[in-house]
Amino acid sequence: MQPVTRIHSRTAVMADENIDTDRIIPARFLTTTTRTGLGKLCFNDWRYLPDGSDNPAFPLNQPEAKGCAIVVAGRNFGCGSSREHAPWALLDYGIQAVLCSEIADIFRNNALKNGLLAIVVSAAEHEWLLANPGIELSIDVQGQYIALPDGGRISFVLEPFARHCLLNGVDQLGYLLQNEKLIAHYEEQEQAA
Amino acid sequence: MSAKTLFEKIWDAHVVAPETADTPAIIYIDLHLVHEVTSPQAFDELRSRGLKLRRTDRTLATLDHSTPTLPAGPDGERPYANAEAKAQVAQLEENCREFGVELHGWDSSERGIVHVIGPELGATQPGNTIVCGDSHTSTHGAFGALAFGIGTTEVGHVMATQCLLQRKPKTLAIHVDGELPKGVGAKDLILHIIGHIGVDGGTGHVIEYRGAAIEKLSMEERMTVCNMSIEAGARAGLIAPDETTFAWLKGRPRVPQGEAWDRAVAHWRTLKTDDGAQYDREVRIDAGTIKPTVTYGTHPGMAIAMDAPVPAARNAVEQRALDYMQSRAGQPMQGSKVDVVFVGSCTNSRLSDLREAAGVLRGRRVADGVRMLVVPGSEAVRRDAEAEGLHEVFRAAGAEWRIPGCSMCIAMNGDLAQPGQLVVSTSNRNFEGRQGKGARTVLASPATAAASAVAGAIADPREYMTEVAA
């Protein structure tokens, strides 16, 4: 994983609550055996009209949302399945951060492991971000704050190990493998019990 | 020693390294279930790093999501939805061969939905930690196992190390007091619970279901309840193991036998929340007030008694959900015209579910214009159902009797509904487009699904059950 230290972008707002993983990437596209190239399928059934053209009602099809890497989403983003295809698709689509007052557990875990910043902010800050689309934000992973255009800051907390891995591009499997002795010890104890 | 919850007992027994401020705990995983959809990229990761799969004896694979539920044609070709689905299945077969994983594939008499076969084989046991690249892994919590869904990166972690990095979740006790009324089942109960606590009511928590009404549930019913824990956002759902659990597991292929069985049961009896142990949150539900329950919107938290008026939308998103579903505020769901009925999925595809549906359908016909699919959860369920003649009941009623798989629950194998069709489904998710683009899903129990198939409209199964009894 490449280090993720700072993301600077305008925001796009997807105000719907409970945007589930089936909306992020419909199940029929999960027959893939790779993790690449899913961006064009991201939000497929919402983003395109039946004739394949862009749905003008889809929030990220709005001209002002083009090129935005930060999405402010309605509460409980990413609910539903455990498919890691959801963060793979979002990243490939160009989204690098999702800001929300509450993010579904499995999605958040999957996102952070892939360098997609899934960040929980307070309900009041969330309201404000939803009400102010298109503002320029700078997310600082080291400092755990979001810099606002007026110089203000919104602070957030990332799980410390996830943050460490993001900042250093560390891969969590490598860390687990370093603990092989502990794992082997656990297995011996268990065998003896 | 201080009083512990059931969750804490299982967690503590699996800590390889405790959590610190800087690092999550390393938790040992007893059983890793694998299927074709969320595993290929993880096997690739092992290959690219030159790693072995650490514990093949703790890994069990099956084919379920992308598999067709119609049999192979005369040419032996299975009717896959597309070439990619076929290749995905072939990939799992190849990966299991290469890494030495036991696969219940097409040639296995035990193949089936991953969350149905784990318990059937006795691979699911009390006190275990169980994971799978599938959010409905919470099903196995019915046995007093800590079971949860993980993403593909974590699937790779477990393959390589048999461990996961986890922060300790919070606990939520859901006490279900009283007794479920006659004709009201586990599916009604869990839909009612999710409707009550909300689609995100369990986020960050492991739920323990307890109380008189839970203790009375059969293992199949407990699985239905725990299965849908994730639909309230919970990490996992748990029920303390008891005599019902032990009786159900005894003699299954992978459980200990003889003296080892007695020792295991003695240990399993300790797996319950101690008096005085604290949960982070507690909720009480009165089982006696629950009616046949269905969903009316586009997530499982939008659930109400089928005869209750659909609540008015509180915001634009809810209004869009009602519009999508063509549900009308103030009107009950009961009586809504039905196009498709699906009985199946890891929520409701076990023998008892099929009996429940067949009990309503026996001697009756699926209404004209309604398509009904019945998909058993496993080859074992299929065998048992056919031995009882349930398949004949379904066929005589005009329903299709398929071979096991996830089928129309996730609708990635070609079993799907058409845009605008209303599906009464025993599955677990009513998300927009879940059962086919534009399809409208109403979640319900097997009895409600069958009654609705007969009536051609969402119907109260109790009216049909009484007639059968009389």
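For clarity, every value in this text was computed on a predicted model and none was experimentally measured.

**Thoughts on the environment of A:L173**
Working step 1: In this fold, A:L173 is placed in helix α7 (residues 172–178).
Working step 2: C-alpha of A:L173 to C-alpha of A:E187: the two residues are 14 residues apart in sequence and 19 Å apart in space.
Working step 3: In this structure, A:L173 is in contact with B:R49, B:L51, B:H157, B:A160 and B:T161, ignoring residues within four places of it in sequence.

**Notes on the interface of chain A and chain B**
Working step 1: With 52 residues of chain A at the interface, the matching set in chain B holds 64 residues.
Working step 2: Carbon and sulfur atoms supply 54% of the area buried between chain A and chain B, which totals about 4,900 Å² over both sides.
Working step 3: On inspection of chain A and its partner chain B, the count reaches 11 salt bridges.
Working step 4: A salt bridge links B:R320 to A:D16, with the nearest nitrogen and oxygen atoms 3.0 Å apart.

**Looking at the sheet that holds strand β8 (residues 163–166) of chain B**
All names here are of chain B.
Working step 1: Read across the open sheet, the three strands follow the order β1-β2-β8; overall the sheet is antiparallel. Each having just a single partner strand, β1 (15–17) and β8 make up the two edges of the open sheet. On average, each strand axis in the sheet is tilted by 40° relative to the strand beside it, whichever way the strands run.
Working step 2: Sheet topology places β1 next to strand β2 (residues 25–28); two bridges connect them, and they run antiparallel. Note that in β2 the partner of V15 across the bridge is I27.

**Focus on the packing of aromatic side chains**
Residue and element names in this part refer to chain A.
Working step 1: Within this structure, the stated rule accounts for 13 aromatic pairs over all chains.
Working step 2: Between W46 and F58, the ring centres sit 5.1 Å apart and the planes meet at 70°, which makes this aromatic pair edge-to-face. Pair noted here: W46 is in helix α2 (residues 44–47) and F58 is in the loop between α2 and β2 (70–73), with a separation of 12 residues, a long-range link. Of the two residues examined, W46 and F58, each falls in the buried class.
Working step 3: On the basis of an interplanar angle of 55° and a centroid distance of 4.7 Å, the ring pair of F161 and Y175 is categorised as tilted. Taken together, the positions of F161 in helix α6 (residues 160–168) and Y175 in helix α7 put the pair 14 residues apart, joining distant regions of the chain.
Working step 4: Judged by its relative accessible area of 3%, F161 falls in the buried class.
Working step 5: An aromatic cluster is built from F43, W46, F58 and Y93, whose rings are joined through pairwise contacts.

**What about the pattern of salt bridges?**
Working step 1: Under the definition given, this model contains 46 salt bridges over all chains.
Working step 2: The partner of A:R23 in a salt bridge is A:D16, and the shortest N-O contact between them spans 3.4 Å.
Working step 3: Residue classification places A:R23 among the buried positions, given a relative accessible area of 11%.
Working step 4: Ionic pairing is found between A:E190 and B:R58, a salt bridge with its closest N-O pair at 2.9 Å. Linking A:E190 in helix α8 (residues 180–192) with B:R58 in the loop between α2 (40–49) and β4 (59–62), this pair reaches from one chain into another.
Working step 5: Classification of A:E190 as partly exposed rests on a relative accessible area of 27%.

**A closer look at the side chain of B:E154**
Working step 1: Residue placement: B:E154 occurs in helix α5 (residues 152–161).
Working step 2: Assessed through its relative accessible area of 2%, B:E154 is described here as buried.
Working step 3: Other than its neighbours up to four places away in sequence, B:E154 contacts A:E84, A:K113, B:L164, B:L165 and B:Q166.

**Digging into unusual backbone geometry**
Excluding glycine, residues mostly have negative phi values, and the peptide bonds linking residues are mostly trans.
All names here are of chain A.
Working step 1: One non-glycine residue, N18, lies in the positive phi region at around 60°.
Working step 2: Within the element layout of this structure, N18 appears in the loop between β1 (6–14) and α1 (21–24).
Working step 3: Given a relative accessible area of 12%, N18 falls into the buried group.

**Some words on the domain arrangement of chain B**
All names here are of chain B.
Working step 1: You can read the domains of chain B as domain 1 (1–291) and domain 2 (293–469).
Working step 2: The centre of domain 1, based on its C-alpha atoms, is set 24 Å off from the matching centre of domain 2.
Working step 3: Taken residue by residue, the interface counts 45 residues in domain 1 and 46 residues in domain 2.
Working step 4: Roughly 3,500 Å² is buried in total at the junction of domain 1 and domain 2, and carbon and sulfur atoms are behind 58% of that figure.
Working step 5: On inspection of domain 1 and its partner domain 2, the count reaches four salt bridges.
Working step 6: Close ionic contact of E379 with R111 constitutes a salt bridge, the shortest N to O distance being 3.8 Å.
Working step 7: Listing elements by their share of the side of domain 1 that touches domain 2, those giving two or more residues are α4 (114–120), α6 (186–197) and α8 (219–227).

**A few points about the side chain of A:N61**
Residue and element names in this part refer to chain A.
Working step 1: Note on placement: N61 falls in the loop between α2 and β2.
Working step 2: Side-chain polar atoms of N61 contact the backbone oxygen of N55, separated by 2.8 Å.
Working step 3: Ignoring sequence-local partners within four residues, the contact set of N61 consists of R47, D54, N55, K66 and Y93.

**Focus on the state of the cysteines**
All names here are of chain B.
Working step 1: For the structure shown, the criterion picks out zero disulfides over all chains.
Working step 2: Cysteine C346 remains unbridged, with the sulfur of C409 as its closest cysteine sulfur at 5.9 Å.
Working step 3: Given a relative accessible area of 6%, C409 falls into the buried group.

**Describing the nonpolar core**
Working step 1: With 85 residues, the main nonpolar core has A:F43, A:F77 and B:F394 as its most contacted residues.
Working step 2: Of the residues that make up this core, three or more belong to each of domain 1 (1–291) and domain 2 (293–469) of chain B.
Working step 3: Residues in contact with B:F394, not counting those within four places in the same chain, are B:L354, B:A357, B:A358, B:L361, B:V374, B:A399 and B:W401.
Working step 4: Core analysis: the second largest hydrophobic core is formed by 79 residues, B:A42, B:I190, B:I193 and B:I207 among them.

Rules used in this analysis
- Residues numbered from 1 in each chain as written.
- Chains lettered and ligands numbered in written order.
- Predicted model: local features only at pLDDT ≥ 70, side-chain atom pairs only at ≥ 80, totals over all residues.
- Heavy atoms only, no water.
- Helix = DSSP H or I, 4+ residues; strand = E, 2+ residues; numbered from the N terminus.
- Contact = heavy atoms within 4.5 Å.
- Buried area = accessible area lost by both parts, 1.4 Å probe.
- Salt bridge = Lys/Arg side-chain N within 4 Å of Asp/Glu carboxyl O.
- Pairing = 2+ DSSP bridges.
- Axes fitted to C-alpha atoms, helices over the stretch in contact; angles between N-to-C directions.
- Phe/Tyr/Trp six-rings, centres within 6.5 Å; stacked < 30°, edge-to-face > 60°.
- Buried < 20%, exposed > 50% of the residue type's maximum accessible area, 1.4 Å probe, protein only.
- Domains from an automatic or database assignment.
- Polar contact = N/O pair within 3.5 Å; in protein donor to acceptor, adjacent residues only side chain to side chain.
- Disulfide = S-S within 2.5 Å.
- Core = buried A, V, L, I, M, F, W, Y, C linked by side-chain atoms within 4.5 Å.

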